[in-house]
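Breakdown of the fold
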Amino acid sequence: MKLVFATHNQNKFNEVKVLLPPHIELVSLTDIGCYDEIPETAQTLEGNAQIKADFVTKKYGLSCFSDDTGLLVDALNGAPGVLSARYAGDQKNATDNMDKLLLELKDKTQRSARFETVIALNINKKQEIFKGVVHGQITTKKAGKEGFGYDPIFQPQGYEQTFADLSLSVKNSISHRGKAIKKLVTYLHQTLSK
């Protein structure tokens, strides 16, 4: 079965691909030739995930899922939240985003945060929503070479390392995206085996 993951982000694609069963052929927006700038205009993660999944399903007629992820920092009243990718500007630069966040938290001792991922799946003319959350804190400096986005400054609860210090298998087992994808995979197994 062919399933589109509505992303051009190869890091994100690779993270998800290893979690899906082999009988699902996962393809990206690049693979289907979709280079449209899909506007993420919703005020919520769920809304943005739905916009992207609906765009692909309507335009290409394919089963599709899309995710939107936000980093919610308690000391900043939940910011950057839905604006996480564009926190330091429309260039969507991870280094700029991390630098801005670290600067805003410079004098703060309260550094608790959580990552949330929402997945919208369009399959069999229905839409399903899956969510995953991981709690942790923002470090005072970047650490680690793995991962992407805010991974070098996010330390998940119960770990001494940042996401960028953890192996992909460990990160996938505890991360927000990993939890949401597991719910998606369970649903796909149940649906496709009927």
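Residues numbered from 1 in each chain as written. Predicted model: local features only at pLDDT ≥ 70, side-chain atom pairs only at ≥ 80, totals over all residues. Heavy atoms only, no water.

Each helix and strand counted, the chain has five helices and seven strands in total. Across the chain, helices and strands are ordered from the amino to the carboxyl terminus as β-α-β-α-β-β-α-β-β-β-α-α. Here the C-alpha atoms of the chain give a radius of gyration of 17 Å, agreeing with the 16 Å that 2.2 N^0.38 yields for 194 residues. Dimensions along the principal axes, computed over C-alpha positions, put the chain at roughly 50 × 30 × 25 Å. When each of the 194 residues of the chain is scored for burial, the buried share is 46%. (Helix = DSSP H or I, 4+ residues; strand = E, 2+ residues; numbered from the N terminus. Rg over C-alpha atoms; globule rule 2.2 N^0.38 Å. Buried < 20%, exposed > 50% of the residue type's maximum accessible area, 1.4 Å probe, protein only.)

Quantified by volume, the largest pocket comes out at close to 890 Å³. Lining of the largest pocket is provided by 33 residues; of these, Asn 9, Lys 12, Glu 40, Ala 85 and Lys 92 occupy positions nearest its centre. For the lining of the largest pocket, the leading source of residues is strand β3 (residues 64-73), giving four residues. The class makeup of the residues in the lining of the largest pocket is 12 nonpolar, 10 polar and 11 charged. (1 Å grid on protein atoms, 1.4 Å probe; cavity = no way out; pocket = protein on both sides within 12 Å on 5 of 7 lines; lining within 4 Å. Points joined across faces, edges and corners; volume = space filled by probe spheres on them. Nonpolar A, V, L, I, M, F, W, Y, C, P; charged D, E, K, R; others polar.)

A word on the environment of Tyr 60. The residue Tyr 60 is located in helix α2 (residues 45-60) in this model. Assessed through its relative accessible area of 26%, Tyr 60 is described here as partly exposed. A sequence separation of 125 residues divides Tyr 60 from Val 185, and the C-alpha atoms of the two residues are 22 Å apart. With residues near it in sequence (within four places) discarded, Tyr 60 still touches Ile 32, Gly 33, Cys 34 and Asp 36. (Contact = heavy atoms within 4.5 Å.)

Attention shifts here to the pairing of strand β2 (residues 25-28). For a regular strand, side chains alternate in direction, first toward one face of the sheet and then toward the other. Here four bridges tie strand β1 (residues 2-5) to β2, and the two strands are oriented parallel to one another. Across the sheet, residue Phe 5 finds its bridge partner in β2, namely Ser 28. (Pairing = 2+ DSSP bridges.)

Another aspect to go through is the packing of aromatic side chains. Applying the stated rule across the entire model yields five aromatic pairs. Aromatic side chains Phe 5 and Phe 65 sit 4.6 Å apart centroid to centroid with 15° between the ring planes, which places their arrangement in the stacked category. Here Phe 5, found in strand β1, pairs with Phe 65, found in strand β3; they are 60 residues apart in sequence, far enough to count as distant. Judged by its relative accessible area of 0%, Phe 5 is buried. Here Phe 130 and Tyr 187 contribute two aromatic rings whose centre-to-centre distance is 5.6 Å and whose plane-to-plane angle is 55°, an arrangement assigned as tilted. (Phe/Tyr/Trp six-rings, centres within 6.5 Å; stacked < 30°, edge-to-face > 60°.)

The terminal C-alpha atoms of α2, which comprises 16 residues, lie 23 Å apart, in line with the 22 Å expected from a rise of 1.5 Å per residue. Here α2 has its buried residues at Leu 45, Gly 47, Asn 48, Ala 49, Lys 52, Ala 53 and Val 56. Looking at the buried side of α2, the elements it contacts are β1, β3 and β5 (112-123). Gly 61, located one to two residues past α2, shows a positive phi value of around 65°. (Expected span 1.5 Å × (residues − 1).)

With that settled, consider unusual backbone geometry. The peptide bond linking Ala 79 to Pro 80 adopts the cis configuration, its omega dihedral lying at 0°. Mapped onto the elements, Pro 80 comes out in strand β4 (residues 80-81). Positive phi, close to 55°, is recorded for Asn 77, a residue that is not glycine. Following the sequence through the fold, Asn 77 ends up in the loop between β3 and β4. Despite not being glycine, Lys 125 shows a phi value in the positive range, around 60°. The topology assignment puts Lys 125 in the loop between β5 and β6 (126-138).

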